[in-house]
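Tertiary structure, described
Below are the chains, spelled out letter by letter.
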Amino acid sequence: MVAASSRRINAINGGNPYSPVLVGSLQSDTLLNLARDLAVVDDRAFVVTESGYLTIIQVFEPSAMVILGVVSSSPSLNGAYSVVATAQYAYVAASANNG
């Protein structure tokens, strides 16, 4: 689950489920605004936003996450609410009305 209003993703070490620890955070007022879902594959997180962005983030080092790339030019991503990813592709469900 992604916090939609904070414009950030957080990395939490849950190795000890009785004492989880926040180990990293990445904020972007634009690229993570209205984040709805994320999928993690290997060392990358794919985050979709209701405002129409798919942002790819390197999460190999949770304390130093880095935005690698973004898709934002497609009206088909508006209203995105779910993402599933493989090493090569991301599949995004969106409620965009393209006419």
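My aim in this report is to walk through the structure given alongside it, one point at a time. None of these values were measured; they are calculated from a predicted model.

Let's shift gears to the sheet that holds strand S3 (residues 35–41). The strand order across the open sheet formed by four strands is S3-S4-S5-S6, and the pairing between neighbours is antiparallel. Strands with a single pairing partner mark the edges of an open sheet, and in this sheet they are S3 and strand S6 (66–71). Here the average twist between neighbouring strands, direction ignored, is 20°. Bridge analysis of S3 against strand S4 (residues 44–49) gives six bridges, and the strand direction is antiparallel.

Let's shift gears to the pattern of salt bridges. Counted by the stated rule, this structure contains one salt bridge. In this structure, Arg36 engages Glu50 in a salt bridge whose closest nitrogen and oxygen atoms are separated by 2.7 Å. Of this pair, Arg36 sits in strand S3 while Glu50 sits in the loop between S4 and strand S5 (54–58); the two residues are 14 residues apart in sequence, bridging distant segments of the chain. Judged by relative accessible area, which is 29%, Arg36 ranks as partly exposed.

Moving on: the pairing of S5. Of the strand pairs in this sheet, S4 and S5 are connected by five bridges, and their pairing is antiparallel. Within the sheet, the bridge partner assigned to Arg44 lies in S5 and is Gln58. Here S4 hands over to S5 after four residues, with Gly52 in that stretch at a positive phi of 100°. Sheet analysis places S5 next to S6, joined by five bridges and oriented antiparallel. Residue pairing across strands places Thr55 opposite Val70, the latter belonging to S6.

In terms of nonpolar packing, the biggest core is built from ten residues, these being Ile9, Ala11, Leu26, Leu32, Ala35, Ala45, Val47, Ile57, Val59 and Met65. Breaking this core down by element, the ones donating at least two residues are strand S1 (8–13) and S4. Discounting residues that sit within four places of it in the chain, Ile9 has contacts with Gly24, Ser25, Leu26, Leu32, Leu38, Val47, Ile57 and Met65. Formed by nine residues, the second largest nonpolar core is a distinct cluster that contains Val48, Leu54, Leu77 and Ala80.

Scoring rules and cut-offs
- Residues numbered from 1 in each chain as written.
- Predicted model: local features only at pLDDT ≥ 70, side-chain atom pairs only at ≥ 80, totals over all residues.
- Heavy atoms only, no water.
- Pairing = 2+ DSSP bridges.
- Helix = DSSP H or I, 4+ residues; strand = E, 2+ residues; numbered from the N terminus.
- Axes fitted to C-alpha atoms, helices over the stretch in contact; angles between N-to-C directions.
- Salt bridge = Lys/Arg side-chain N within 4 Å of Asp/Glu carboxyl O.
- Buried < 20%, exposed > 50% of the residue type's maximum accessible area, 1.4 Å probe, protein only.
- Core = buried A, V, L, I, M, F, W, Y, C linked by side-chain atoms within 4.5 Å.
- Contact = heavy atoms within 4.5 Å.

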